[in-house]
Amino acid sequence: MIYLSQLVGNPVYDLNGERIGRVNDLGIATGEVFPRVTSLAVEGPGRTPFMISWRKYVDSFDESDVRLKVIATDIRFSYLQPDEVLIARDLLNKQIVDTRGARVVRVNDLKLSDTSSSQLRLLGAEVGVRGILRSLSPALELLVVRASRALGKPLPERIIAWNYMDLLDRDLSNVKLSVSHKTLDELHPADIADIIERLDPRLRGQVFAQLDEERAADAIAELEDDSMAAELMGDMDVTAASRLLSEMDPDDAAELVSELDYDKAEKLLRLMGVKERGAIRQLLGYREDTAGRIMTSEVVWLGEDATVGDAKQAIRSLDEAFESVHYVYLKDEEGRLSGVVSLRSIISFDDDAKLGDIAYDDLVCARPDDDQEDVALDIAKYNLLAMPVVDDERHLLGIVTVDDALDVLEEEHEEDLQIAGGGRGDADGRKGTSGLLWLLRNELWFFAWMVGLAALALLVGDGRRELVFALGAALPVAVIAALDSVSYTTNFFIENDPDDEDSPSLAGFALKGVGLGLVFAAFESLVAVGVLSALFGQDAGGVKAGQLAVLSFGAAAASVLASFLLAPVCLSVLRSRDEKGAETSGIALQLLAMAISVALFCAITLALVAGLGL
């Protein structure tokens, strides 16, 4: 086996041993399961590029050089054919879709099989860290592999076979990669959505355009980022976009339309059928984050006198794109919801059994203005597959299905994590945070401490080391207290609904926060004199231990108290933004709280230094 990184840059010699250039790239014909190398791209004298036939001219190759069968004057140049690609130019460092693993990866190296002395075949792409190390230095790769093996953490190759790769960066729509591999069109819509989300922005539209209307409608409904879905829709032709909306479930279509600008949305709706347009407009009439906004109007809705046979016939007559059916809903003579029959009951009873006799009438219903999270929690609480949404007269408006409820709970969980300053990463780290960002996020207090210490050194003076040391030692107390006050506030916000009668009042929250701040400030102030006396004695550089205690921990105590006094303000901001549907970053709250705490600490310190005449 040999890798592209081991070939590129190697010298190329003719039959007489004369150097004619160096390996620049390799060309392959994409029509085979494991394609043969067909061309050798060479960089000649004066950096002049040319291409020659691999089969016709290459005699042998290894990791040090490539040797040709003929002398330089007998070489005839060739050109890249329509079904050929240059693997360094078109594959290396590019995004590809691993259709077997349903994910987007980046090609770090390419693995080749030397089946004979002169023939090469492309086996697959190396997408792991070893490909990066090898491209830097084979010796570095070997060193890291041996070190990781010695530590009990082997570093395996991560090879994706060519027949499981879809190229995205070139227009290869007329080139068959393999007659047997799983194509992008055959993946589950949720997998396609994950792939689209991980692609570079310039590639998303190209990949999305490859899907047929039905698969595109299913995939765009699975996108977690509504703005990304709206961007994809906005780039489409109006007629095609309208057809795509018609293919989507009404609730998903309404959510997407709400993200578009008004003119674009109106154009799309006008091109849709009357029935589909009416269903979407009805859902758009409800407020965001309510049951009415996430419900679907696609329900099976029969009278109480209908039979099991009628229900079966109604289900059989549904369009394939109809929302999944879990229940058949019944209405009385006045059109009000009176009961529900499960799909299991319909299968179990004879065709002539009346639905009204086998229906379950103790229903849990939602109102269209109910909060979507409350509805999702009720669906989980009562183990429902769908919950009916009714108006004041108990007329059925639609249903909220369990898949939409799960989406809501996941969305709410993500918002809570964001406010709390957390993040999510999946098992393989595809959505995880990079190591540096993780460190910055989890050790923010340390960076705030360093910034504050530098500010103190400038404000107090570098020549007064005892003061700077004492103040710097106390500064983390103020910084960490600021983080604790944010955590206290965000936890209260997540766990307590202001509309709940049992929820503590804002005044109660404020009093408890001030009490916590006072206890914390008093405790660290009591420890101050003992700690600083042990470090500095009774007199340190002309500043007595008692004065150091007042300066350092007095400033810290005031900052701690101020942090908790600001907690009610922080809570009010969170609730106000939540009512407006705006997202709030927990990291931003922490940074703001620490900045205020450091600024207060420095200001109080300067005031005390001046007051004590130091």
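Residues numbered from 1 in each chain as written. Predicted model: local features only at pLDDT ≥ 70, side-chain atom pairs only at ≥ 80, totals over all residues. Heavy atoms only, no water.

Next up on the list: the overall build of the protein. A tally of regular secondary structure across the protein gives 26 helices and 21 strands. A buried classification covers 44% of the 614 residues belonging to the protein. Summarising the internal contacts of the protein: among those between residues at least 6 apart in sequence, 64% fall at separations of at least 24. Total accessible area computed for the protein in this model is approximately 31300 Å², and 53% of it derives from carbon and sulfur atoms. (Helix = DSSP H or I, 4+ residues; strand = E, 2+ residues; numbered from the N terminus. Buried < 20%, exposed > 50% of the residue type's maximum accessible area, 1.4 Å probe, protein only. Contact = heavy atoms within 4.5 Å. Areas by Shrake-Rupley, 256 points an atom, 1.4 Å probe, with all protein chains shown as cover.)

We now examine the sheet that holds strand β1 (residues 2-3). On the basis of which strands lie adjacent, the open sheet formed by 4 strands has the order β1-β11-β12-β13 and antiparallel pairing. Strands with a single pairing partner mark the edges of an open sheet, and in this sheet they are β1 and β13 (159-161). Where β1 and strand β11 (residues 109-113) come together, 2 bridges link them in antiparallel fashion. Following the sheet pairing, Tyr-3 is matched in β11 by Lys-111. Packed onto the sheet, helix α4 (residues 129-136) meets β1, β11 and β12 (121-126) and runs at close to 110° relative to β12. (Pairing = 2+ DSSP bridges. Axes fitted to C-alpha atoms, helices over the stretch in contact; angles between N-to-C directions.)

What follows covers the sheet that holds strand β15 (residues 301-303). Reading across from one edge, β15-β16-β17 is the order of the 3 strands in this open sheet, with mixed pairing throughout. Two strands close off the open sheet at either side, each with one partner strand: β15 and β17 (337-342). This sheet shows a mean twist of 35° between the axes of neighbouring strands, independent of strand direction. As paired strands, β15 and strand β16 (residues 327-331) are joined by 3 bridges and run parallel to one another. Across the sheet, the residue bridging to Trp-301 is Tyr-329, located in β16.

What follows is about the nonpolar core. With 60 residues, the main nonpolar core has Ile-220, Met-233 and Leu-245 as its most contacted residues. In contact with Met-233, not counting residues within four places along its chain, are Ile-220, Ala-241, Leu-244, Leu-245, Leu-256, Leu-260, Lys-264 and Leu-268. One finds Val-12, Leu-40, Leu-91 and Leu-122 within the second-largest nonpolar core, a separate group that totals 37 residues. (Core = buried A, V, L, I, M, F, W, Y, C linked by side-chain atoms within 4.5 Å.)

Here the focus is the environment of Arg-344. Structurally, the position occupied by Arg-344 is in helix α16 (residues 343-348). Spatially, the C-alpha atom of Arg-344 lies 8.6 Å from that of His-326, the residues being 18 residues apart in sequence.

What follows deals with the pattern of salt bridges. By the definition in use, this model includes 14 salt bridges. As a salt-bridge pair, Glu-157 and Lys-111 come within 3.3 Å of each other at their nearest N and O atoms. Placement of Glu-157 in the loop between α5 (138-150) and β13 and of Lys-111 in strand β11 is noted, with a sequence separation of 46 residues between them. Salt-bridge contacts for Arg-243 lead to Glu-213; the nearest nitrogen and oxygen are separated by 2.4 Å. Note that Arg-243 is positioned in helix α10 (residues 238-247) and Glu-213 in helix α8 (residues 213-222), a separation of 30 residues in sequence. (Salt bridge = Lys/Arg side-chain N within 4 Å of Asp/Glu carboxyl O.)

Nothing here speaks to function; it is all geometry.
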